[in-house]
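A look at the structure
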Amino acid sequence: MPAPTRPVTLATRVSLFLLVVLAAPAAAQQKKALTFTDLMRMRQIENASLAADGRWIAFTAQPDRGDPEVVVHSTRGAQRYVVALGSNPAISRDGAWVAMRLNPAFEATETAKAGSAPHRGMALLATPTGAVTEFPEVQSFAFSGDGAWLAYHRYQAEPDSGAEAASGKRKPGTVLVVRNLASGAEREIQDVRSYVFDDDGDALAYAVAAADGGTDGLHVQRLAQGSETTVHAEARAAYSSVTWSKDGALAFLATREDEDGKPDPSTRLMSWKGSDTRVLASETDGWIIPVGAPVQWSESGSDVFFGWRPRHADEPAVAGTAPDEPEDGFDAYDTEAILSARGVDVWHWKDPVINSQQKIVWSREQNRTYRAVHHLADGSTVALAGLDLPDVDVPTNPRVALGRSDLPYRWESTWTGGATDVYLVDVATGARAKVAERLGGGRPDLSPEGRFVAYWDSGDYHLYDATARTTRNITQGLGVDFADEDHDTPDEPGGYGVGGWTDGDAAVVVYDKFDIWVIPTDGGRAWNLTEGKGRQERRKFRVIDTDPETEALGARDQLLLSSYDDVRKNFGFYGARMDRPGVTRLLEEDRRFQFRAKAADADVLMFTREDYDEFPDLWVAKPDLSDAHKVTDVNPNISDFAWGTSELTEWRGMDGTMLQGVVIKPGDYEPGKRYPVLVYYYELFSQRLHEFNEPAVNHRPSFPLYASNGYVVFLPDVRFEIGRPGYSATKAIVPGVQHLIDIGLADPDALALHGHSWSGYQTAQVVTQTDIFKTAVTGAPVANMTSAYSGIRWGSGLARQFQYEQGQSRLSGSLWEARDEYIDNSPVFFADRIHTPMLILHGDKDDAVPWYQSIELYLAMRRLGKEAVFLQYRDEPHHPQKYANKLDWAMKMKEWLDHYLKGAPPAPWITEGLPYSGR
């Protein structure tokens, strides 16, 4: 039973007079420097949702370290409820209730022994009153579609210490409670493994699995009537992928389990409607439908799409069976028996996928299912995908589906990055028509009615006509370049994307860098929806999808557009109409705005507004962005700290290129005073001018922490040149830093360069070419491109070759075609030119950059007598994940910078190291 209700304090408006009185003393005080402890306490907004009627917002306020809470806030007034330890809130359709996880206290979780962490529960909040009811031991919950019912699923009860399992090891289901939210009446259903409401909320389907298997079955309960129907029943049955159609039919997978709960790998695809339960498909010619395979109804409810795969050779036909054990005795010289314990991997040059990648994808490929469809009208089952066409999407139209295959290009993908052939697949027959081959950029887009496919190839968008089987270039001759204008890697540039389709597949919407184009599919004249104002004003416009349920744009739809000024770096919202060119400014400021949601049943938008010194709180407005007002205030204490301010600055690189960057000045900035400068970068960073820096302890430097402690933080853009990526960074960053010196902001004797991963490489390379920096900090750098080229990205198993020939590392060919470039861009070959003390970070389980790259850099500097400290974080991937390690790195980085840039006494680890102590 639920715990007694408890009240939640209702926030009330504080008078302006009181605010002024309280603020006056604070204003007189000097603002504080931010500490790591302060960062840990800062909160972020997670799982934000907007009620269907637009009247309530619910979200998790999650500190970087500590206990979360759920905040439920009225969008129309000052009502505000807070539930301590809450997270993952969900609002009922009618907005009357908010359900959420109720988490154990952070201390209890942190101090629990392995495997004994306390279970979470659930809290239910009534928005009219703020009353909260707590429910212990709840593993999941869901509202019905109409918001009238709540189902919550309890954890498995702990067995009695002396009890024995009734039969084998099969785990039964647990208690499912169905609660009438209006009356509070509840009904418990025993031994439930899974459950799902239909879309309307009128019915609940649930699967029962009892310990003895005798009462197993799939049932449907009509909630309002209180009636129940057994859909299917069978001893030791197991049900998965239970899915409702829009018209109230069920599709599901059914199989049987043995005494130990192991299911037969082959299931039956079944359907139910009314009193009619039937088998739609099962094992056919060695192809099985595995437990948990995806099942999805077509839009019309006339077809059921599902996944199947070939039965594995070692897969028993009946659950629980195993090959017979050999009867012969032990033979010490049985070579087959001896070899059965061998451990060898064979890397063959003809393998389509290299061995390391095979291991990573093994489980996925073994369990990969291939799309098929069952047609209810004639009872036929049609394979749409297959071993030669592995990926086929479920279409929104009843005729054709989009299929993709990378199989012909897997061998060469090691150095090219891969390519894809695209097909249209007839849903009725499975027949295929090739649309295009060897596509590399962007995902092809099938129109909602299935009449056209839009795809990017060779610098333009193309349109394939599924009826005529013809293709035409639809962007050539429009007077603008649709290819990525900022592309600077060796591979072919991609496009800016497809923005949608109009009703009846009449037109496709595509983007250039700045503007939005409407291109009729019948060959009519393309027109610029934004009238070219994007390019004229260097402002990027994009369509915001305010209704994910709608497949196409209506001919007279009012559109909401996002905007981004590519010069000033500010954001906004604009309005437009699908039937005419032109845009209307709705909201635009020197801030960053992000659309979050539109209320399903009301004209209310939710968005965030942020700046460098303004947390991205939640705002609401009408669809035309009028009546915009702030709803939340998650980190009100930000104003207590010397957060600093951000400004845009410009300079010319060594090659004359105009560059931009962000300068973050200290919170206590004094004009004319010179400051130590921390340079942090990657590729393009000037777009972060109005971005609130994540308040967290991690591998990145916290900008406000450094700014509030007397540093200038500089975020410069880097424009790259193929064949000279390292020098590209030097010729962009060094003049930018010199610019800060020239304007009297930077202390020329207190400059630090810091980067991680790709910019970690750049940092190591830059200091071989300049001595302007007092120190450098590099995380997970590539030090030697000649050895990294044929390294492995252990997280994916991919070889790294494609990164150098086609991607981010930006060299002009293979190691043998561009040998000099690989050497010239490798810091380790020029370590004798480094005169900059260097701090190196790497995790020894890095799944992207092999950690031996940092060993090479460290050993080179050590051999040359250069000042270098290497922090190896044990069992950590590309970015440290364990909080202790994140905090250790953040604190050590600041100690290092404080010493070299501000003259602080060095910590012992800087001057003396830290010898290995046995752990």
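Coordinates for the structure precede this section.
In this report, the structure presented in the accompanying data block is examined. The structure displayed is predicted, hence computed values, not measured ones.

What counts as what
- Residues numbered from 1 in each chain as written.
- Predicted model: local features only at pLDDT ≥ 70, side-chain atom pairs only at ≥ 80, totals over all residues.
- Heavy atoms only, no water.
- Helix = DSSP H or I, 4+ residues; strand = E, 2+ residues; numbered from the N terminus.
- Rg over C-alpha atoms; globule rule 2.2 N^0.38 Å.
- Buried < 20%, exposed > 50% of the residue type's maximum accessible area, 1.4 Å probe, protein only.
- Contact = heavy atoms within 4.5 Å.
- Areas by Shrake-Rupley, 256 points an atom, 1.4 Å probe, with all protein chains shown as cover.
- Lys, Arg positive; Asp, Glu negative; His and termini not counted.
- Charge placed at Lys NZ, Arg CZ, Asp CG, Glu CD.
- Pairing = 2+ DSSP bridges.
- Axes fitted to C-alpha atoms, helices over the stretch in contact; angles between N-to-C directions.
- Parallel < 35°, antiparallel > 145°, perpendicular 65-115°, else oblique.
- Nonpolar A, V, L, I, M, F, W, Y, C, P; charged D, E, K, R; others polar.
- Patch = residues over 30% accessible without salt bridge, like charges linked within 9 Å, V, L, I, M, F, W, Y side chains within 5 Å.
- Salt bridge = Lys/Arg side-chain N within 4 Å of Asp/Glu carboxyl O.
- Core = buried A, V, L, I, M, F, W, Y, C linked by side-chain atoms within 4.5 Å.
- Phe/Tyr/Trp six-rings, centres within 6.5 Å; stacked < 30°, edge-to-face > 60°.

Quick look at the overall build of the chain
Looking only at helices and strands, one finds 16 helices and 54 strands in the chain. Relative to the globule expectation of 29 Å for 919 residues, the C-alpha radius of gyration of the chain, 31 Å, shows essentially globular dimensions. Overall, the chain is about 85 × 85 × 75 Å in size when its C-alpha atoms are taken along their principal axes. Each of the 919 residues in the chain was classed as buried or not, and the buried ones make up 51%. In the chain, 55% of the contacts between residues at least 6 apart in sequence involve partners at least 24 apart. Total accessible area on the chain stands at roughly 42100 Å², and carbon and sulfur atoms take up 49% of it. For the chain, the distance from the average site of its 94 positive side-chain charges to the average site of its 130 negative ones is 4 Å.

With respect to the sheet that holds strand S32 (residues 470-473)
Strand order in the open sheet made by the four strands is S29-S30-S31-S32, with antiparallel pairing throughout. Among the strands making up the open sheet, the edge pair consists of strand S29 (445-446) and S32. Note: strand S31 (residues 460-465) against S32, four bridges, orientation antiparallel. Counted as the bridge partner of aspartate 465 is threonine 470 from S32.

Examining the packing of helix H9 (residues 725-742) against helix H10 (residues 758-766)
Remark: H9 packs on H10, axes separated minimally by 9 Å, with the N-to-C direction vectors making an angle of 75 degrees. What the angle tells us is that H9 and H10 run roughly perpendicular. Where H9 abuts H10, its residues Pro725, Gly726, Ala729 and Thr730 lie against Trp758, Tyr761, Gln762, Gln765 and Val766. The class makeup of the residues in the contact of H9 with H10 is five nonpolar, four polar and no charged.

Side note on a negative patch on the surface
Together, Asp94, Asp146, Asp199, Asp200, Asp545, Asp547, Glu549 and Glu551 line one region of the surface with negative charge. Mapped onto the secondary structure, glutamate 549 falls in the loop between strand S37 (539-543) and strand S38 (558-565). Residue classification places glutamate 549 among the exposed residues on the basis of a relative accessible area of 70%.

Considering the pattern of salt bridges
Scanning the entire structure with this criterion turns up 56 salt bridges. The salt bridge partner of glutamate 537 is arginine 539, with a shortest N-O separation of 2.3 Å. Three or more residues joined by partner-sharing salt bridges are found here, namely Glu537, Arg539, Asp565, Arg585 and Glu588.

Looking at the environment of glycine 499
Inspection of the secondary structure assignment puts glycine 499 in strand S33 (residues 498-501). Take glycine 499: its relative accessible area is 21%, and that puts it in the partly exposed class. Once the C-alpha coordinates of glycine 499 and aspartate 445 are considered, the two residues, 54 residues apart in sequence, prove to be 9.9 Å apart. Every residue in contact with glycine 499, bar those within four places of it in the chain, is listed here: Val509, Val510 and Tyr511.

Describing the sheet that holds strand S12 (residues 186-197)
Read from one edge to the other, the open sheet built from seven strands follows the order S9-S10-S11-S12-S13-S14-S15, with strand pairing classed as antiparallel. Here the strands that pair on one side only, and so sit at the sheet edges, are strand S9 (138-143) and strand S15 (227-233). Each neighbouring strand pair of the sheet contributes to a mean axis angle of 40 degrees, computed without reference to strand direction. As judged from the five bridges shared by strand S10 (residues 149-154) and strand S11 (residues 174-180), these two strands associate in the antiparallel manner.

Details of the pairing of strand S2 (residues 56-63)
Two faces make up the sheet, and in a regular strand the side chains alternate between them. Among the eight residues of S2, seven are classified as buried, and the element is accordingly described as predominantly covered. Pairing geometry for strand S1 (residues 43-50) and S2, over six bridges, is antiparallel. From the neighbouring strand, leucine 50 faces S2, where its bridge partner is isoleucine 57. Between S1 and S2, which pair antiparallel and follow one another directly, the connecting turn spans five residues, one of which, glycine 54, has a positive phi of 75 degrees.

Quick notes on unusual backbone geometry
Even without glycine at this site, arginine 236 takes up a positive phi of about 50 degrees. Inspection of the secondary structure assignment puts arginine 236 in the loop between S15 and strand S16 (237-244). Judged by its relative accessible area of 27%, arginine 236 falls in the partly exposed class. A positive phi angle, near 65 degrees, is found at serine 757, a position not held by glycine. With respect to the secondary-structure elements, serine 757 resides in the loop between strand S49 (746-756) and H10. A relative accessible area of 18% places serine 757 in the buried class.

A closer look at the side chain of arginine 592
Tracing the backbone through its elements, the reader meets arginine 592 in strand S41 (residues 592-598). Apart from residues lying up to four places away in sequence, arginine 592 is in contact with Phe571, Thr608, Arg609, Glu610, His690 and Glu691.

Re the nonpolar core
Core analysis: the biggest nonpolar cluster contains 60 residues, and Trp896 and Leu897 have the highest contact counts within it. Looking at this core element by element, the count peaks at nine residues for helix H15 (residues 883-902). Aside from chain neighbours lying at most four places away, what touches tryptophan 896 is Thr775, Ala776, Val777, Pro837, Met838, Leu839, Val869, Trp909 and Ile910. One finds Trp651, Leu659, Ala732 and Val734 within the second-largest nonpolar core, a separate group that totals 37 residues.

Structural notes on the packing of aromatic side chains
Per the stated rule, a full pass over the model turns up 33 aromatic pairs. Here the aromatic rings of tyrosine 239 and phenylalanine 252 are separated by 6.0 Å at their centres, their planes lie at 65 degrees, and the arrangement is edge-to-face. In this pair, tyrosine 239 is assigned in strand S16 and phenylalanine 252 in strand S17 (residues 250-256), connecting sequence segments 13 residues apart. Of the residues examined, tyrosine 239 reaches a relative accessible area of 10% and is grouped as buried. A residue is classified by how much of its surface remains accessible, and phenylalanine 252, at 0% relative accessible area, is buried. Between tryptophan 896 and tryptophan 909, the aromatic rings sit 6.0 Å apart at their centres with planes inclined by 25 degrees, giving stacked as the arrangement. Of this pair, tryptophan 896 sits in helix H15 while tryptophan 909 sits in helix H16 (residues 908-911), and the two are 13 residues apart along the sequence.

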